[in-house]
Amino acid sequence: MPLHHVLLFCALWLAGCQPSPQSNVLGYTISTWLGTQPPPVSSAPPGALVGRILDEAGRPIAGASVIVAQPDGLPHRALTDADGVYSIAGVPPGQYVPAAVAPGFAEAALTGLFGLPKLVTIRSNAVTQAPALTLNPYRPKPLPDNLAEAIHLRQTAVYTATAAFPENAAADVVAYAFDFEGAVVDTLRLYLPKGHPGDAPLPLLFMVYPSPVDNWQDVSVAFASERYAVVAISPTAARGVDAEAHAQDARVALALARSGAFGPAVGDNRPMAMGGSFSSAILSRLLRSAGDELTGWVTVGGLANAFTAAHDFYMGRISIPPPFELLVPALGPPNLYPLPFLMFSPVYVAGELPPTMIIHTAADEILRIEQAYELAEAVAAAGVPLETYYYEDESHYLGIGADLTDAGREIFYRILDFLERYGEKP
């Protein structure tokens, strides 16, 4: 085993044998110090991997996606047949941990003693038989009863905000904070049309922003001014690079909105969700846990396949700004710890997605437009209602503030049209 893998396992052992974002970043730092970045991939003739995917009763699962990823993130994928059998060809020689997911089942990867990854070795011009991998039904972790009280939901500010676009856009804003799983989450906001009667319900738009929520106030105000209740949240600094923890915070915020914790103006109707850039990774987890609670989603400059995004990162094809520059290494080596990458790859569970709108720019240097193409292909193949808008612009995400472009204006009205047709009114 390469030295940097040995050192990584030592770091994980000291951390309790479970990979964490912090220990993964440590492993990446060690590898960088050793000069093994980007991760080396064998150039010898490839081999193949075969195996079976079963449910907890030992029955075969058909249509499961099985992935092994190269150290540099490039995935190799196959679907299981009616007998739960898969065969993945063209895999470079090396050590891998297979991972799989299927509709209705949670993501899983092969594990062994102490929960450490169970490695399979691929050899040139040979077929490797992997142990059977069992998938369990997907069951989101239950949230506390009496949620608002259990997490100490509280208002922290009330004010009115305006935006230059659309003309005369204004919203009444309530800032909230809550305590959840060891962190104070103070990035939750409610935007209502200015002067809206408090007892009149509105359609709900749930926003997950990639950077501080208040930096996106112009966007939230713009949509609120179009007669939407906008509930918005962004990652809180206390979670660091733990994307799954950020996703659970967003799940709490959505549950609060659905429970009436923000007052009667936030109706009992199912919301539409929207995210982009790296917040689309958070949103992809929310889509699985929320199930049919969402009527649709919009992804702007978003992530579709975390494996291919990691490959772009390690190959130097994308430029990730602070504070996200260590987000990919925080997930761990893709060949050894594929599960976090699979969890943030909606392309592999496209059949479970609600109606989807994909927006992306060809100029994106953070998440390449190929992410959008890959997701669109998977969504269309699954028969899910799909709309796309690809454009040429320097912007990476929805900007309708002082830097409003013609593309930004077009995006705004296209999203409004999508919300009108697929959203649910109270």
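Everything numeric here is computed off the predicted structure, so don't read it as measured data.

Draft legend 1. The arrangement of the packing of helix α5 (residues 243–259) against helix α6 (residues 279–290) in detail. The contact between α5 and α6 brings their axes to 9 Å, and the two run at 50°. Of the possible angle classes, the one that applies to α5 and α6 is oblique. Judged by the sense of rotation from one axis to the other, the crossing of α5 with α6 is right-handed. Residues Ala 243, Glu 244, His 246, Ala 247, Ala 250, Arg 251 and Leu 254 of α5 touch α6, and the partners they reach there are Ile 282, Arg 285, Leu 286, Ser 289 and Ala 290. Tallied by class, the residues present in the contact of α5 with α6 amount to 7 nonpolar, 2 polar and 3 charged.

Draft legend 2. Fine view of helix α2 (residues 21–34). With 14 residues, α2 extends 20 Å between its outermost C-alpha atoms, agreeing within 8% with the 20 Å of an ideal straight helix rising 1.5 Å per residue. For α2, the full list of buried residues reads Pro 21, Ser 23, Asn 24, Val 25, Gly 27, Ile 30 and Ser 31. Two residues or fewer after α2 comes Gly 35, characterised by a positive phi angle close to 80°.

Draft legend 3. Structural view of the sheet that holds strand β13 (residues 183–193). What the 9 strands build is an open sheet, ordered β11-β12-β13-β15-β14-β16-β17-β18-β19; its pairing is mixed. Either end of the sheet is taken by a strand with one partner, and the two such strands are β11 (154–163) and β19 (386–391). Ignoring which end each strand starts from, the neighbouring axes of this sheet average 15° apart. Across 4 bridges, the pairing between strand β17 (residues 296–300) and strand β18 (residues 356–361) is parallel. Within β18, the position partnered with Thr 299 by the bridge is Ile 358. Against the sheet, α5 makes contact with β12 (169–180), β13, β14 (204–208) and β15 (229–233), and its axis sits at roughly 120° relative to β12, the strand it touches most.

Draft legend 4. Examining the pairing of β18 more closely. The buried fraction of β18 is high, at 6 of 6 residues. A two-sided burial pattern is seen for β18, the buried positions comprising Thr 356, Ile 358 and His 360 on one face and Met 357, Ile 359 and Thr 361 on the other. Of the strand pairs in this sheet, β18 and β19 are connected by 6 bridges, and their pairing is parallel. Bridging across to β19, Ile 359 finds its partner in Tyr 389. On the question of chirality, the crossover connecting β18 to the parallel β19 by way of helix α10 (residues 370–381) is right-handed.

Draft legend 5. Fine view of the sheet that holds strand β7 (residues 108–109). Sheet architecture is open: 4 strands sit in the order β3-β2-β6-β7, paired in antiparallel fashion. Whereas interior strands pair on both sides, the edge strands pair on one side only; in this sheet they are β3 (75–79) and β7. As defined by bridge partners, strand β6 (residues 99–101) adjoins β7 across 2 bridges and the pair is classed as antiparallel. In the strand pairing of β7, Ala 100 is matched with Ala 108.

Draft legend 6. Fine view of the confidence of the model for the chain. Taken over all residues, the pLDDT of the chain has a mean of 89, while the share at 70 or more is 93%. Here residues 1–16 scores under 50 on pLDDT; set against residues more than four positions off or in separate chains, the count is 28 contacts.

Draft legend 7. The packing of aromatic side chains, seen in detail. For the structure on display, the rule yields 14 aromatic pairs. With 6.3 Å between their ring centres and 45° between their planes, Tyr 28 and Phe 313 make a pair best called tilted. With Tyr 28 in helix α2 and Phe 313 in helix α7 (residues 306–314), this pair connects stretches of sequence that are 285 residues apart. Phe 313 gets classed as buried once you look at its relative accessible area, which sits at 16%. Site record: aromatic cluster; members linked through ring pairs are Phe 165, Phe 223, Phe 412 and Tyr 413. In this structure, Arg 288 packs its charged tip against the face of Tyr 138, placed 4.6 Å from the ring centre.

Draft legend 8. View of unusual backbone geometry. At the junction of Phe 165 and Pro 166, the peptide bond is cis and its omega measures out at -10° in the coordinates. Within the secondary structure layout, Pro 166 lies in the loop between β11 and β12. Positive phi outside glycine occurs at Asn 125, with the angle close to 55°. With phi around 45°, Asn 146 is a residue other than glycine that occupies positive phi space.

Draft legend 9. Looking closely at the pattern of salt bridges. Per the stated rule, a full pass over the model turns up 19 salt bridges. Two residues, Glu 370 and Arg 368, come together in a salt bridge whose shortest N-O distance is 3.5 Å. Assessed through its relative accessible area of 40%, Glu 370 is described here as partly exposed. Note that Arg 421 is salt-bridged to Asp 417, the shortest N-O span being 2.8 Å.

Draft legend 10. Expanded view of the side chain of Arg 288. Locating Arg 288 in the fold gives a position in helix α6. Within the structure, Arg 288 has its side chain in polar contact with the backbone oxygen of Phe 105 (distance 3.1 Å). Setting aside anything within four residues of it in sequence, one finds Arg 288 in contact with Val 101, Ala 102, Gly 104, Phe 105, Ala 106, Glu 107, Tyr 138, Val 349 and Glu 352.

Draft legend 11. Representation of α5 in the model. Here α5 contains 17 residues, and its C-alpha end-to-end distance of 25 Å stays within 8% of the 24 Å for a straight helix at 1.5 Å per residue. Most of α5 sits inside the fold, with 13 of its 17 residues counted as buried. Gly 260 lies just past α5 and shows a positive phi near 90°.

Draft legend 12. Main features of the pairing of strand β16 (residues 272–276). Summarising burial for β16: 5 of the 5 residues are buried, a large majority. With burial as the criterion, each face of β16 is covered, one bearing Met 272, Met 274 and Gly 276 and the other bearing Ala 273 and Gly 275. Across 4 bridges, β14 lies against β16 in parallel orientation. Bridge pairing links Met 207 to Met 274 in β16. As defined by bridge partners, β16 adjoins β17 across 5 bridges and the pair is classed as parallel. In the sheet register, Met 272 faces β17, and the bridge partner there is Gly 296.

Cut-offs and rules
Residues numbered from 1 in each chain as written. Predicted model: local features only at pLDDT ≥ 70, side-chain atom pairs only at ≥ 80, totals over all residues. Heavy atoms only, no water. Axes fitted to C-alpha atoms, helices over the stretch in contact; angles between N-to-C directions. Helix = DSSP H or I, 4+ residues; strand = E, 2+ residues; numbered from the N terminus. Parallel < 35°, antiparallel > 145°, perpendicular 65-115°, else oblique. Left-handed = near helix turned anticlockwise from the far one by under 90°. Contact = heavy atoms within 4.5 Å. Nonpolar A, V, L, I, M, F, W, Y, C, P; charged D, E, K, R; others polar. Expected span 1.5 Å × (residues − 1). Buried < 20%, exposed > 50% of the residue type's maximum accessible area, 1.4 Å probe, protein only. Pairing = 2+ DSSP bridges. Right-handed = clockwise from strand over helix to strand, strands pointing away. pLDDT = per-residue confidence, 0-100. Phe/Tyr/Trp six-rings, centres within 6.5 Å; stacked < 30°, edge-to-face > 60°. Lys NZ or Arg CZ within 6 Å of the ring centre and 35° of its normal. Salt bridge = Lys/Arg side-chain N within 4 Å of Asp/Glu carboxyl O. Polar contact = N/O pair within 3.5 Å; in protein donor to acceptor, adjacent residues only side chain to side chain.

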